[in-house]
Amino acid sequence: MIGNLWMILLAFTISETTGRNLSAQPLDHTACFTGAPSRNYYVFAGDPFVLTCDLGSHTSTNSTHYADELLWYRKDDEGRVQQIHGSKEAIEQRQNAFFFSSISPAASGTYFCVLRNTHLCLKMTILVGQNQISCQGHELREISLIRDTATKISCPGIDCFNSVARSPVRWYKNGLTVEQYDERTSLKLKNEQIELHTIYEMDSGNYTCAFNFTENNTYWLVRRTFTVSVIIKDTKETPTVLEPYGVKTIELELGQSLELVCKVYFGYEKNFSPVIKWLINGKVATENTRVKQSEVQTVENTIEGYTLILKANLNKVFEEDLGINFTCFSQNSQGYSVGILRLQEKASNTHQIKIITIPISVIFVATTCGCIGIYTFWIEIVLLYRHYCSKDETINDGKEFDAFVSYANSSSSDTRDTITEDRFALELLPAVLEKEYGYKLCLFERDVLPGGAYTEDVILSIKKSRRIIIVLSPNYIALTGSRIFELMTGVNIMFENFKTKVILIKFSPLPEINTLPQNVKKAIKVLPEISWKGSKSSLPSSKFWKQLRYYMPVKKNSHLSIAYSKEHETEYKFLV
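The structure displayed is predicted, hence computed values, not measured ones.

A. Region of interest: the overall build of the protein. Across its full length, the protein holds 15 helices and 31 strands. For the protein, buried positions account for 47% of its 576 residues. Across the protein, the fraction of contacts at a sequence separation of at least 24, relative to all contacts at a separation of at least 6, is 69%. Within the structure as shown, the protein displays about 30,400 Å² of accessible surface, and the carbon and sulfur contribution to it stands at 51%.

B. Focus on the sheet that holds strand E13 (residues 187–190). An order of E10-E14-E13 is seen for the three strands of this open sheet, with the pairing classed as antiparallel. For this open sheet the edge positions go to strand E10 (151–153) and E13, each flanked by a neighbour on one side alone. Across this sheet, the average inter-strand angle for adjacent strands is 25 degrees, counted without regard to direction.

C. Geometry of the confidence of the model for the protein. In the predicted model, the protein carries a mean pLDDT of 78, and the fraction of residues at 70 or more is 75%. Every residue in residues 350–376 scores below 50 in pLDDT, and together they form 15 contacts with partners more than four places removed in sequence or on other chains. In the predicted structure, residues 568–576 sits below a pLDDT of 50 and forms 15 contacts with residues beyond four places in sequence or in another chain.

D. Looking closely at the pairing of strand E9 (residues 142–146). Side chains Ile143 and Leu145 of E9 all project onto a buried face; the interleaved residues Glu142, Ser144 and Ile146 project onto a face where none is buried. Two strands pair when backbone bridges link them, and E9 and strand E16 (residues 218–231) are joined in this way by five bridges, in the parallel orientation. Bridging from a neighbouring strand, leucine 145 pairs with valine 230 of E16.

E. Molecular detail of helix H7 (residues 421–434). At leucine 428, H7 shows its largest kink, close to 35 degrees, and the proline proline 430 lies no more than four residues downstream. Burial of H7 is extensive: 10 of the 14 residues sit out of reach of the surface. Buried within H7 we find Glu421, Asp422, Phe424, Ala425, Leu428, Leu429, Pro430, Val432, Leu433 and Glu434.

F. Broad picture of the pattern of salt bridges. Counted under the stated rule, the structure contains 18 salt bridges. A salt bridge links arginine 166 to glutamate 192; the shortest N-O distance between them is 2.9 Å. Taken as a pair, arginine 166 in the loop between E10 and strand E11 (170–173) and glutamate 192 in the loop between E13 and strand E14 (193–196) lie far apart in primary sequence, 26 residues in all. The exposure class of glutamate 192 is partly exposed, given its relative accessible area of 32%. Through salt bridges with shared partners, one network takes in Arg147, Asp148, Glu201 and Glu304.

G. Quick look at the environment of alanine 523. Of note, alanine 523 is situated in helix H12 (residues 518–526). C-alpha separation for the pair alanine 523 and leucine 487, spaced 36 residues apart in sequence, amounts to 8.9 Å. Discounting residues that sit within four places of it in the chain, alanine 523 has contacts with Val491 and Leu504.

H. Summary view of the nonpolar core. Counting 51 residues, the largest nonpolar core has Ile153, Trp171, Ile194, Phe226, Trp278 and Phe326 as the members making the most contacts within it. A total of six residues in this core trace back to one element, the largest contributor, which is E16. Excluding its chain neighbours within four sequence positions, the residues that come into contact with phenylalanine 226 are Leu140, Arg141, Ile143, Ile153, Ser154, Pro156, Trp171, Gly205, Asn206, Tyr207 and Cys209.

I. Spotlight on the state of the cysteines. According to the stated counting rule, one finds three disulfides in the structure shown. Between cysteine 155 and cysteine 209 runs a disulfide, and the two sulfur atoms are separated by 2.0 Å. In this structure the cystine formed by cysteine 155 and cysteine 209 twists about its S-S bond by roughly 70 degrees; its chirality is therefore right-handed. Of this pair, cysteine 155 sits in the loop between E10 and E11 while cysteine 209 sits in strand E15 (residues 205–215), and the two are 54 residues apart along the sequence. Per residue, the accessibility class of cysteine 155 equals that of cysteine 209, and both read buried. Between the sulfur of cysteine 262 and that of cysteine 328 lies a disulfide, 1.8 Å long from S to S. Between cysteine 262 and cysteine 328 the disulfide shows an S-S torsion of about 45 degrees. By sign, it is right-handed. Here cysteine 328 lies in strand E25 (residues 326–332) and cysteine 262 lies in strand E19 (residues 258–267), a separation of 66 residues in the sequence.

J. Examining the side chain of glutamate 434 more closely. Along the chain, glutamate 434 turns up in helix H7. In this structure glutamate 434 comes out as buried when scored by relative accessible area, which is 19%. Within polar-contact distance, the side chain of glutamate 434 engages the side chain of arginine 446 at 2.9 Å.

K. Main features of the sheet that holds strand E26 (residues 335–345). Across the sheet, five strands lie side by side as E18-E26-E25-E20-E21; this open sheet has mixed pairing. Strands at the two margins of the open sheet, each flanked by one partner only, are strand E18 (247–252) and strand E21 (283–284). When strand E20 (residues 275–280) meets E21, the two strands line up antiparallel, connected through two bridges. By the bridge assignment for E21, isoleucine 280 is matched with lysine 283.

L. Looking closely at unusual backbone geometry. For the bond running from glutamate 243 to proline 244, omega is -5 degrees, close enough to zero to count as cis. Inspection of the secondary structure puts proline 244 in the loop between strand E17 (240–243) and E18. Here the phi dihedral of asparagine 191 falls at roughly 55 degrees; this positive angle occurs in a residue that is not glycine. Inspection of the secondary structure puts asparagine 191 in the loop between E13 and E14. The backbone of asparagine 217 sits at a positive phi, close to 65 degrees, despite the residue not being glycine. With respect to the element layout, asparagine 217 can be found in the loop between E15 and E16.

M. Local environment of the packing of aromatic side chains. A full pass over the atoms with the stated rule returns 27 aromatic pairs. Here the aromatic rings of phenylalanine 266 and phenylalanine 272 are separated by 5.7 Å at their centres, their planes lie at 75 degrees, and the arrangement is edge-to-face. Through successive ring pairs, a cluster of aromatic residues spans Tyr42, Phe44, Phe161, Phe211, Phe213 and Trp220. Above the face of the phenylalanine 211 ring, arginine 166 is positioned so that its terminal group lies 5.9 Å from the ring centre. Of note, arginine 224 hangs over the ring of phenylalanine 44, and the distance from its end group to the ring centre comes to 4.0 Å.

Reading the values: rules and limits
- Residues numbered from 1 in each chain as written.
- Predicted model: local features only at pLDDT ≥ 70, side-chain atom pairs only at ≥ 80, totals over all residues.
- Heavy atoms only, no water.
- Helix = DSSP H or I, 4+ residues; strand = E, 2+ residues; numbered from the N terminus.
- Buried < 20%, exposed > 50% of the residue type's maximum accessible area, 1.4 Å probe, protein only.
- Contact = heavy atoms within 4.5 Å.
- Areas by Shrake-Rupley, 256 points an atom, 1.4 Å probe, with all protein chains shown as cover.
- Pairing = 2+ DSSP bridges.
- Axes fitted to C-alpha atoms, helices over the stretch in contact; angles between N-to-C directions.
- pLDDT = per-residue confidence, 0-100.
- Bend = angle between axes of the 7 residues up to and from the residue.
- Salt bridge = Lys/Arg side-chain N within 4 Å of Asp/Glu carboxyl O.
- Core = buried A, V, L, I, M, F, W, Y, C linked by side-chain atoms within 4.5 Å.
- Disulfide = S-S within 2.5 Å.
- Polar contact = N/O pair within 3.5 Å; in protein donor to acceptor, adjacent residues only side chain to side chain.
- Phe/Tyr/Trp six-rings, centres within 6.5 Å; stacked < 30°, edge-to-face > 60°.
- Lys NZ or Arg CZ within 6 Å of the ring centre and 35° of its normal.

Written out as structure tokens, the structure reads:
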């Protein structure tokens, strides 16, 4: 950060002084101390400042040789002139400049730079202001703005100067002039301030306000450089324990080791002071001699919040560890959250084999009755096999929903006799997947409490879901903000956790997608896609719903068994 400030200040010093005529002086350097061209800088105490020796077109400021040939002098209060060099901490010589990381009143004075064996020299006066208590905001060097709100950025300390005696303020961001432009209607330059009607993340950076003022016939240059960061409002939510989520039971053999993983998402807080720890039966894990705990790691750090992981290793599991609570405890300023892990002794393999013997025999009979039937009804066979043989993948996985549904609102005004994308998502999907097959969907408008931050709610809802169903349509592609954010979030979480999958439903033909982000275009091209064919797909027994269930998680319950049996009774007879 300090290095960036130095480069920005150096650029301003050069840009504001280049082009002035510097008269040649006699070879005797003492003549410079009385007749050299001069510049005057007014600086606020504590600011970073760069004093640059720019001798115009006679020299190249990028030349290392030129910097080596410079001689620097300073005149003290008694009028004595002494040669100076860069000192240790507060002042550092870099190429053809002196860099003050935090200038103090003691730096006030007159400086001279002289190019060895030439007639060129420059006189520079620094006045470090000390009595600025009455000037509002003069001490600001770091400003935090809240995203999606509105504000005005003023030049810190501008009230210290008489507006009649100074020039208008010039604004720069990261060394470039700040200007109004048509593509950014929310930014205005008004009354010597930067007005931001909507604050975005891109508004962060190093800002500089510059102006000149005249006092007692002396022309002074003033620059204030400060850092602007964009943050979001402090979260109003307690932490979210991602792992273990809720109460999770895992099976393992006695005597084996166990890694305990506590993964927690903390919403953004300006004064972030999280608490994350493992408790074993209510006691801190570090009190247990059999547990070795690692340091807390940050695995994700965004403007929205932070994801932390705390790992601990139990060197050996004994019978006394079964049934007790291993608690992942987390806390922020809003409260605390926990996730509980319980251990269960692993069942023997013999018992498992007996359980699956009969269903496998059913599949064997089905698969030996004819290759044509198997090929034609492959999805039905897979669903049949999953129904009887596959393990329910929703048990103790810490997820709350089977699928998060992302869709666009319809642009049509008459939807009474038409299945639009929003009716499809809000009515038809729940009617079939929830009522017929016992799945639990996450519909943002229905299942997420209002009042929270949209992006935070979306991320947490998707992380609680086993699948992400994307209802693609021209309306969806046109909404490049919120809906594409949901798609991108789903893809990113899928990469983090291979058990989470994205399902694309092509509701209607799509337009060109060249304007979408590259990773979104790739995702649309390679992810599983199911085509909706209107009334032809609406029946629960249609190929569309079979394909959709094929990609949904394996889930077993009595509700599902009844619906499954009724729907496929005829097809099962054909297969066997």
